[in-house]
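Okay, here's what each chain looks like letter by letter:
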Amino acid sequence: MRLIFLGPPGAGKGTQSLLLLQRHGVISLASGDILREAIRGNEPIGKEADRFMKAGQLVPDDLITGLMLDRLGKLAKNQSFVLDGFPRTKDQALALDAWLIEHRHKPVDLIIDFEMDEDKILKRLEGRRICRTCGASYHMKNLVPKKPGQCDHCGELLQVRPDDQPETIRRRFVVYHRQTEPLLEFYGSQKKVRPVPGDLEIEAQYQALVEVLKKERLVA
Ligand code: ADP
Ligand code: ZN
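First, a word on scope: everything that follows refers to the structure included in this document. This structure is a prediction, so every number in the text was calculated from the model and none was measured.

## Considerations on the pairing of strand β1 (residues 2-6)
Part 1 of the reasoning: Of all five residues in β1, five are buried; the element is thus mostly enclosed.
Part 2 of the reasoning: Neither face of β1 is exposed, since Arg-2, Ile-4 and Leu-6 on one face and Leu-3 and Phe-5 on the opposite face are all buried.
Part 3 of the reasoning: Here β1 runs beside strand β3 (residues 81-84); their pairing, made up of four bridges, is parallel. Counterpart to Leu-3 in the pairing with β3 is Val-82.
Part 4 of the reasoning: In the sheet, β1 pairs with strand β4 (residues 110-115) via four bridges, with the strands oriented parallel.

Structure, rendered in structure tokens:
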């Protein structure tokens, strides 16, 4: 299966893609994670992306498109994947389509639209913490680490994501409505968009997602 996860920040895209990996071997390419990795590694691309991300703005199309298509090109052709956070603009979507055709990949099967209202998201993002070494994501209520304040994988201290300050989150909503939501129409005309509620508990949300995938015969 080849999926795109759309939906506002904090609607559960990253959490659900992790479950799809664990339970169905679907590889997730998460644009935000890949960018944060580049920042941690002091790569030039990371340096360029950092200021946009801190401000809650999108990084330039060329930068993220190059990065994501490069990663996509490293996957085996029949590998199932989720694109989490890419494409986020119409130009990115056009670049992705052109790339898939050029490399004789099948088109994307479905766009999953995680729906959630902003008050709930603001509340939820307050509880999000990430590991500053490996980037693993936790939630103080919904996805608690085994030891308080510490990463399960590397024992590092957890921190609030730099762009999870309330002001920056609001900026990201504005950006989402303006630049990313129009993609729903773009993919909607191809009849590929399927909604999944964003405000369910993790396991209930996963069941809702799998229900959609079953209907489309993407999982048994
Ligand atoms: P969220 O979905 O919670 O906003 P992400 O981790 O997906 O978080 O993205 C964090 C930031 O990374 C975005 O606010 C943006 O600056 C940058 N980013 C991620 N994906 C893209 C993209 N496809 N195009 C442009 N910028 C992106
Ligand atoms: Zn860690």
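The discussion continues.
## Remarks on the site of ligand 1
Part 1 of the reasoning: In the neighbourhood of ligand 1, 20 residues make up the surrounding shell, with Ser-31, Gln-57, Gly-85, Gln-92 and Arg-172 lying closest.
Part 2 of the reasoning: Within the side chain of Lys-13, a nitrogen or oxygen atom sits 3.3 Å from an oxygen atom of ligand 1.
Part 3 of the reasoning: The contact in question runs from a nitrogen atom of ligand 1 to an N or O atom on the backbone of Val-59, over 3.0 Å.
Part 4 of the reasoning: Relative to its unbound accessible surface of 550 Å², ligand 1 loses 96% to contact with the protein.
Part 5 of the reasoning: For the shell around ligand 1, the element with the most residues is helix α2 (residues 31-40), which contributes four residues.

## Here's the deal with the environment of Ile-130
Part 1 of the reasoning: For Ile-130, the position within the fold is in strand β5 (residues 128-131).
Part 2 of the reasoning: Classification of Ile-130 as buried rests on a relative accessible area of 6%.
Part 3 of the reasoning: Along the primary structure Ile-130 and Gln-150 are separated by 20 residues, whereas in three dimensions their C-alpha atoms are 9.4 Å apart.

## Some words on the pattern of salt bridges
Part 1 of the reasoning: Scanning all chains against the criterion turns up 14 salt bridges.
Part 2 of the reasoning: Here Arg-161 makes a salt bridge to Asp-163, at a shortest N to O gap of 2.8 Å.
Part 3 of the reasoning: Residue Glu-167 pairs with Arg-170 through a salt bridge whose shortest N-O separation is 3.1 Å. You can see Glu-167 and its partner Arg-170 sitting in helix α7 (residues 166-180), three residues apart, about one turn around the helix.

## A look at the coordination of the zinc ion (ligand 2)
Part 1 of the reasoning: Coordination of the zinc ion (ligand 2) by the protein involves Cys-131 (SG), Cys-134 (SG), Cys-151 (SG) and Cys-154 (SG), with metal-donor separations of 2.3 to 2.4 Å.
Part 2 of the reasoning: In this structure, the zinc ion (ligand 2) is surrounded by four donor atoms whose angles at the metal cover 95 to 124 degrees, and the resulting shape is tetrahedral.
Part 3 of the reasoning: According to the relative accessible area criterion, Cys-131 is buried, its value standing at 1%.

## Here's the deal with the sheet that holds β3
Part 1 of the reasoning: Taken in spatial order, the five strands make up an open sheet running β2-β3-β1-β4-β8, and their pairing is parallel. A single partner strand is all that each edge strand has here, and the edge strands are β2 (27-30) and β8 (193-197). Between one strand axis and the next, the sheet turns through 25 degrees on average, direction left out of account.
Part 2 of the reasoning: Relative to β3, β2 runs parallel, the two being bridged by four bridges. Within the sheet, the bridge partner assigned to Ile-27 lies in β3 and is Phe-81.
Part 3 of the reasoning: The sheet contacts of helix α1 (residues 13-24) involve β1, β2, β3 and β4, and relative to β1 the element is tilted by about 160 degrees.

## Topic: unusual backbone geometry
Part 1 of the reasoning: Omega for the peptide link from Phe-86 to Pro-87 comes to -5 degrees, which places this bond in the cis form.
Part 2 of the reasoning: With respect to the helices and strands, the residue Pro-87 is situated in the loop between β3 and α5 (90-102).
Part 3 of the reasoning: Even without being glycine, Asn-42 reaches a positive phi, approximately 55 degrees.
Part 4 of the reasoning: We classify Asn-42 as exposed; its relative accessible area is 53%.

What counts, and where the lines are drawn
- Residues numbered from 1 in each chain as written.
- Chains lettered and ligands numbered in written order.
- Predicted model: local features only at pLDDT ≥ 70, side-chain atom pairs only at ≥ 80, totals over all residues.
- Heavy atoms only, no water.
- Buried < 20%, exposed > 50% of the residue type's maximum accessible area, 1.4 Å probe, protein only.
- Helix = DSSP H or I, 4+ residues; strand = E, 2+ residues; numbered from the N terminus.
- Pairing = 2+ DSSP bridges.
- Near = heavy atom within 4 Å.
- Polar contact = N/O pair within 3.5 Å; in protein donor to acceptor, adjacent residues only side chain to side chain.
- Areas by Shrake-Rupley, 256 points an atom, 1.4 Å probe, with all protein chains shown as cover.
- Salt bridge = Lys/Arg side-chain N within 4 Å of Asp/Glu carboxyl O.
- Donors = N, O, S within 2.8 Å, 3.2 Å for Na, K, Ca; no water.
- Tetrahedral: all angles 85-135°; square planar, octahedral: opposite > 155°, others 65-115°.
- Axes fitted to C-alpha atoms, helices over the stretch in contact; angles between N-to-C directions.
- Contact = heavy atoms within 4.5 Å.

Just geometry here; none of it tells us what the structure is for.
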